[in-house]
Amino acid sequence: MQTLHVDVDTWLHRLSPRVKLTTLAALGILLFLLDAVAALALANLIGAAFYFRTGLPLREALRRLRPILISIAMLALFTALLSPLHAAIVVALRLTALALFAAAVTATTSMTDFMDEITTLAMPLEKIGLLRAADIGLAIGLVIRFVPEILDRYRAIRDAHQARGIKIRMATTLAPLIILTLRDADNIAAAIDARGIRRH
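Residues numbered from 1 in each chain as written. Predicted model: local features only at pLDDT ≥ 70, side-chain atom pairs only at ≥ 80, totals over all residues. Heavy atoms only, no water.

Our focus in this paragraph is the overall build of the chain. Looking only at helices and strands, one finds eight helices and zero strands in the chain. Listing every helix and strand of the chain by position from the N terminus yields α-α-α-α-α-α-α-α. Residues classed as buried in the chain amount to 32% of the 200 residues present. Residue pairs at least 24 apart in sequence account for 69% of intrachain contacts in the chain once pairs closer than 6 positions are excluded. (Helix = DSSP H or I, 4+ residues; strand = E, 2+ residues; numbered from the N terminus. Buried < 20%, exposed > 50% of the residue type's maximum accessible area, 1.4 Å probe, protein only. Contact = heavy atoms within 4.5 Å.)

Another aspect to go through is the environment of Leu 56. Positionally, Leu 56 belongs in the loop between helix 3 (37-51) and helix 4 (58-82). Accessibility expressed as a relative area gives 13% for Leu 56, which makes it buried. The spacing of Leu 56 and Val 8 is 48 residues in sequence and 9.0 Å in space, taken between C-alpha atoms. Here Leu 56 is in contact with Val 6, Tyr 51, Ala 61 and Arg 64, once residues within four sequence places are set aside.

This brings us to helix 3. The end-to-end C-alpha distance of helix 3 is 21 Å, a good match for the 21 Å that 15 residues give at a rise of 1.5 Å each. Within the span of helix 3, buried status applies to Leu 40, Ala 43, Asn 44, Gly 47, Ala 48 and Tyr 51. Mapping the buried residues of helix 3 onto a view down its axis gives an arc of 135°, with all of them on the same face. Those residues of helix 3 that are exposed and aimed more than 90 degrees away from the buried face are Ala 38 and Leu 45. Summarising the contacts, the buried residues of helix 3 are in contact with helix 2 (17-33), helix 4 and helix 5 (85-108). (Expected span 1.5 Å × (residues − 1). Arc of directions from axis to C-beta.)

With ten residues, the main nonpolar core is built from Val 6, Ala 48, Tyr 51, Leu 56, Ala 61, Leu 65, Leu 100, Ala 103, Ala 104 and Ala 107. Looking at this core, the elements that each hand over two or more residues are helix 3, helix 4 and helix 5. Top contributing element to this core by residue count: helix 5, with four residues. (Core = buried A, V, L, I, M, F, W, Y, C linked by side-chain atoms within 4.5 Å.)

The following block contains the structure:
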């Protein structure tokens, strides 16, 4: 499986995963408390500065952002149809800033560090019997690892449609994408259980 982590040495990479994750959580709360366009625009500039200094080539950095930015644009357009324009702008700026900060954290934190940190943070919940911390760390790690796989699979389906002269529609691309993703998920779950990673 692919990874979103960029293996270079920057100050963001050297920063503690716990500091990055807790800061990201705090920024997420702060962004949803803000509704001033100027402040949210500034947050976007800061987020972009962090993200584009993660060691990713510019083309790859933009390629990674494209799906989420398209989704944000669609959501903002939908919001503009139902609410004042100011609300749509706030939604777009807020989500874009959050996406930039999250992408910077993802690119500068290895999957092992992610899983270890999530597992540690979930330990208090395990102590009171709500869940198994290791399972939470594993689940979040797999979700993050699946993101580039799903994007590549979508591009392969799209290219196959274009090669056959089939018009690309949601109905013709979503079904095979879901089927392929669920099949891989089943295979990974079987491999995890076969190795006894999840102990019950």
